[in-house]
Amino acid sequence: MKILIIYDSIYKNTEKIAESIKKNIKGEIKLIKIDNFNKNDLKKINLLIIGSPTHAGRGSEKINNFLKSINNNELKDIKIAVFDTGINSKDTKLFLKIVIKILGYASKYIEKELIKKGAISIIKPKTFFVLDKKGPLKEKELEYAKNWANKINSIINK
Ligand SMILES: Cc1cc2nc3c(=O)[nH]c(=O)nc-3n(C[C@H](O)[C@H](O)[C@H](O)COP(=O)(O)O)c2cc1C
């Protein structure tokens, strides 16, 4: 199973989750930051895992541009699993709580866009929580990342 993990991260929180997923997933894995992504990386992969910080309910600018750069059907039959990092609305004051609830998290948006390009989602998009804009990750999120990776392992090795 050839697996490619692409992520973006401004303050390194999404990067830590991506690294934990890489460590815990079984297969031939390549982990790349979006800045180093090249369309050739998509060749011959079976599973694409994408991670992004949530920015205004969507992906980071670079992840959003990546989504736009993919042609229709370019991801035909490629399996995907999408995660993001964001702030739990429970941890914020009323105004932000409402904004976060309305905008939602990046992973759902990214999943929807990738499905439009022919991809097949194999697991529910997952949000890992940070305590504030720059982090840190909430306690246990790295453990949750390990659990999410193991869930993917059981799905792909069925
Ligand atoms: C421009 C900007 C917009 C953001 N918008 C949201 C948002 O809509 N919802 C949310 O939960 N967090 C939002 N955040 C907080 C980010 O989710 C947080 O910075 C990110 O999870 C940190 O990941 P990173 O360390 O990998 O950059 C925003 C942060 C920035 C910088």
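Everything below is about the structure printed above this text.
Residues numbered from 1 in each chain as written. Predicted model: local features only at pLDDT ≥ 70, side-chain atom pairs only at ≥ 80, totals over all residues. Heavy atoms only, no water.

## Some words on unusual backbone geometry
- Omega for the bond connecting glycine 135 with proline 136 falls within 30 degrees of zero, at 0°, which places this linkage in the cis form.
- Residue position: proline 136 is located in the loop between strand S6 (126-130) and helix H5 (141-156).
- Unusually for a residue other than glycine, lysine 12 sits at a positive phi of about 80°.
- By relative accessible area, lysine 12 is classed as partly exposed at 49%.
- Unusually for a residue other than glycine, alanine 56 sits at a positive phi of about 50°.
- The residue alanine 56 is located in the loop between strand S3 (47-53) and helix H2 (61-69) in this model. (Helix = DSSP H or I, 4+ residues; strand = E, 2+ residues; numbered from the N terminus. Buried < 20%, exposed > 50% of the residue type's maximum accessible area, 1.4 Å probe, protein only.)

## Describing the packing of helix H1 (residues 13-24) against H5
- Interaxial distance between H1 and H5 falls to 8 Å at its minimum, and their mutual angle equals 40°. Taken together, the axes of H1 and H5 are oblique relative to one another. Judged by the sense of rotation from one axis to the other, the crossing of H1 with H5 is right-handed. Touching Lys16, Ile17, Ser20, Ile21 and Asn24 of H1 are Glu141, Leu142, Ala145, Lys146, Trp148, Ala149, Asn150 and Asn153, all from H5. (Axes fitted to C-alpha atoms, helices over the stretch in contact; angles between N-to-C directions. Parallel < 35°, antiparallel > 145°, perpendicular 65-115°, else oblique. Left-handed = near helix turned anticlockwise from the far one by under 90°. Contact = heavy atoms within 4.5 Å.)

## Re the site of the ligand
- If you check the shell around the ligand, you find 18 residues, and the closest are Ser9, Asn13, Thr14, Thr85 and Lys133.
- Between the ligand and alanine 56, the relevant distance is 2.9 Å, taken from a nitrogen atom to a main-chain nitrogen or oxygen of the residue.
- Protein coverage of the free-state accessible area of the ligand, which is 630 Å², stands at 83%.
- The set of elements that each furnish at least two residues to the shell around the ligand consists of H1 and strand S4 (79-87).
- The leading source of residues in the shell around the ligand is S4, at three residues.
- Residue classes in the shell around the ligand are distributed as eight nonpolar, eight polar and two charged. (Near = heavy atom within 4 Å. Polar contact = N/O pair within 3.5 Å; in protein donor to acceptor, adjacent residues only side chain to side chain. Areas by Shrake-Rupley, 256 points an atom, 1.4 Å probe, with all protein chains shown as cover. Nonpolar A, V, L, I, M, F, W, Y, C, P; charged D, E, K, R; others polar.)

## Concerning the packing of aromatic side chains
- Applying the stated criterion across every chain yields a total of five aromatic pairs.
- On the basis of an interplanar angle of 70° and a centroid distance of 5.8 Å, the ring pair of phenylalanine 83 and tryptophan 148 is categorised as edge-to-face. With phenylalanine 83 in strand S4 and tryptophan 148 in helix H5, this residue pair connects regions lying 65 residues apart in the sequence. Per residue, the accessibility class of phenylalanine 83 equals that of tryptophan 148, and both read buried.
- Here the aromatic rings of tyrosine 105 and phenylalanine 129 are separated by 5.9 Å at their centres, their planes lie at 70°, and the arrangement is edge-to-face. Here tyrosine 105, found in the loop between helix H3 (94-103) and helix H4 (106-116), pairs with phenylalanine 129, found in strand S6; they are 24 residues apart in sequence, far enough to count as distant.
- Tyrosine 105 sits in the partly exposed class, given a relative accessible area of 21%.
- Its relative accessible area of 18% is what places phenylalanine 129 among the buried residues.
- Every member of this aromatic cluster is reached through a ring pair, and the members are Phe83, Phe128 and Trp148.
- Of note, lysine 126 hangs over the ring of phenylalanine 128, and the distance from its end group to the ring centre comes to 5.6 Å. (Phe/Tyr/Trp six-rings, centres within 6.5 Å; stacked < 30°, edge-to-face > 60°. Lys NZ or Arg CZ within 6 Å of the ring centre and 35° of its normal.)

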